[in-house]
Amino acid sequence: MCVKPAPANHGITFRRIDLEGAPEIPALGNYVTDTSRGTTIEINGVRVSTIEHIMSALWTLGVDNAQIDIDAPETPIMDGSAKEYAAEIERVGVVEQEAEREYYTVTEEVSFSIPEKGVEVRLLPADKYDVDVAVDYNSKVLGKQQSHFAEGDNYRSEIAPCRTFVFLHEIMFLFNANLIKGGDVDNAIVVVEHPVTDEEVARLSALFNKKDIKVSGGYLNNLKLRFENEIARHKLLDILGDLALLGRRIRGKVVATRPGHFANTELVKKILAQ
Ligand SMILES: [Zn+2]
């Protein structure tokens, strides 16, 4: 994947350079077709998946226009965060262009919710872009977590390094059936909500090819937490990327409860339809 400069008013687009004619897909909510594992955009059967992390880093670090050339249907997952993207964007720098930025100014509340799942994403009038995230998965390990981001906060060090999570009990059957390897979850925090047997730990050690795999404080020690509320921060990273699919910067406050790619992009579609 290669992120290239683009002229003013181009917006952010993905180009599938491995396909004939290098078809281009604008990174806008109207093109979102799937949100099951990450956010996927698609035109005429040509798709790019898991665009949210690179979108989050580009948009939050001030990039409005870019052409992203990619030779695969999915962006590189790397360590599961936007850490490398943010570092690279800061290293090469951002150039100011000759055009006025267009804003979406929130004048009255707009929201999307899935009440039975406790999911709600609200957008409220405010002078500055500001995002509050709260998550509660009824987990003893995770508890209730919150995170916050406002314009001017240090995205690169506070949000970009945060990774997603998976519950061990949701993937244990894959481990037990040898359908998943340790390397497959190197980019996710593994939450151990229910007790595991010594035999299961031994099996996990073998799969991770590490002698010292154990459960520590409710987490598998395949990796170390970067923040106590890393999961809420990752949800923030994701929502910053998904809301960038509006194609305009938001002047308003986001209050998100248990957000996910579906709710985030449905809200974007709702605003675009207005
Ligand atoms: Zn994510």
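Residues numbered from 1 in each chain as written. Predicted model: local features only at pLDDT ≥ 70, side-chain atom pairs only at ≥ 80, totals over all residues.

### Looking at the overall build of the protein
Of the regular secondary structure elements, the protein holds 7 helices and 18 strands. Taken against the 2.2 N^0.38 rule, which gives 19 Å for 274 residues, the C-alpha radius of gyration of the protein at 19 Å falls within 12% of a compact globule. By principal-axis analysis of the C-alpha atoms, the protein measures approximately 60 × 45 × 35 Å. Expressed as a percentage of its 274 residues, the buried residues of the protein come to 34%. Taking all contacts inside the protein whose residues are at least 6 apart in sequence as the whole, residues at least 24 apart take part in 72%. (Helix = DSSP H or I, 4+ residues; strand = E, 2+ residues; numbered from the N terminus. Rg over C-alpha atoms; globule rule 2.2 N^0.38 Å. Buried ≥ 20, exposed ≤ 12 C-beta atoms within 10 Å, placed from the backbone. Contact = placed C-beta atoms within 7 Å.)

### Observations concerning the sheet that holds strand 6 (residues 46-48)
Strands sit in the order 4-5-6 across an open sheet of 3 strands; the sheet is antiparallel. Both outer strands of the open sheet, strand 4 (32-34) and strand 6, are each paired with one neighbouring strand and no more. Strand after strand, the sheet turns through a mean of 40° between neighbouring axes, direction not considered. Bridge count between strand 5 (residues 40-43) and strand 6: 3 bridges; the pairing is antiparallel. The residue of strand 6 that forms the bridge with I43 is V46. (Pairing = 2+ DSSP bridges. Axes fitted to C-alpha atoms, helices over the stretch in contact; angles between N-to-C directions.)

### Comments concerning the environment of E193
Mapping E193 onto the fold places it in the loop between strand 14 (188-191) and helix 5 (198-208). Classification of E193 as partly exposed rests on a count of 16 C-beta atoms within 10 Å. Sequence separation between E193 and H169 is 24 residues, and the spatial gap between their C-alpha atoms is 7.4 Å. With near-sequence residues (within four places) excluded, E193 lies in contact with S139, K140, V141, F167 and H169.

### A closer look at helix 1 (residues 52-60)
Counting buried positions along helix 1 gives 9 out of 9 residues, so the element sits mostly inside the fold. Contacts made by the buried residues of helix 1 are with strand 2 (12-16), strand 7 (66-70), helix 2 (83-92), helix 3 (155-158), helix 6 (230-243) and helix 7 (261-273). Backbone geometry just after helix 1 places G62 at a positive phi near 100°.

### Quick look at unusual backbone geometry
Despite not being glycine, M78 shows a phi value in the positive range, around 50°. Relative to the helices and strands, M78 is located in the loop between strand 7 and helix 2. C-beta crowding within 10 Å serves as the criterion here: with 14 such atoms nearby, M78 is assigned to the partly exposed category. Residue R258 is not a glycine yet carries a positive backbone phi of 50°.

### Things to note about the nonpolar core
Counting residues in hydrophobic clusters, the biggest one holds 62 residues, and the most contacted among them are L236 and L240. Among residues more than four places away in sequence, those in contact with L236 are V131, V133, S147, F149 and I159. (Core = buried A, V, L, I, M, F, W, Y, C linked by C-beta atoms within 7 Å.)

### Looking at the environment of A57
You can see A57 is positioned in helix 1. When the 29 C-beta atoms within 10 Å are taken as the criterion, A57 is described as buried. Counting along the chain gives 42 residues from A57 to A99, while the straight-line C-alpha distance between them is 21 Å. With residues near it in sequence (within four places) discarded, A57 still touches A82, Y85, A86, I89 and A160.

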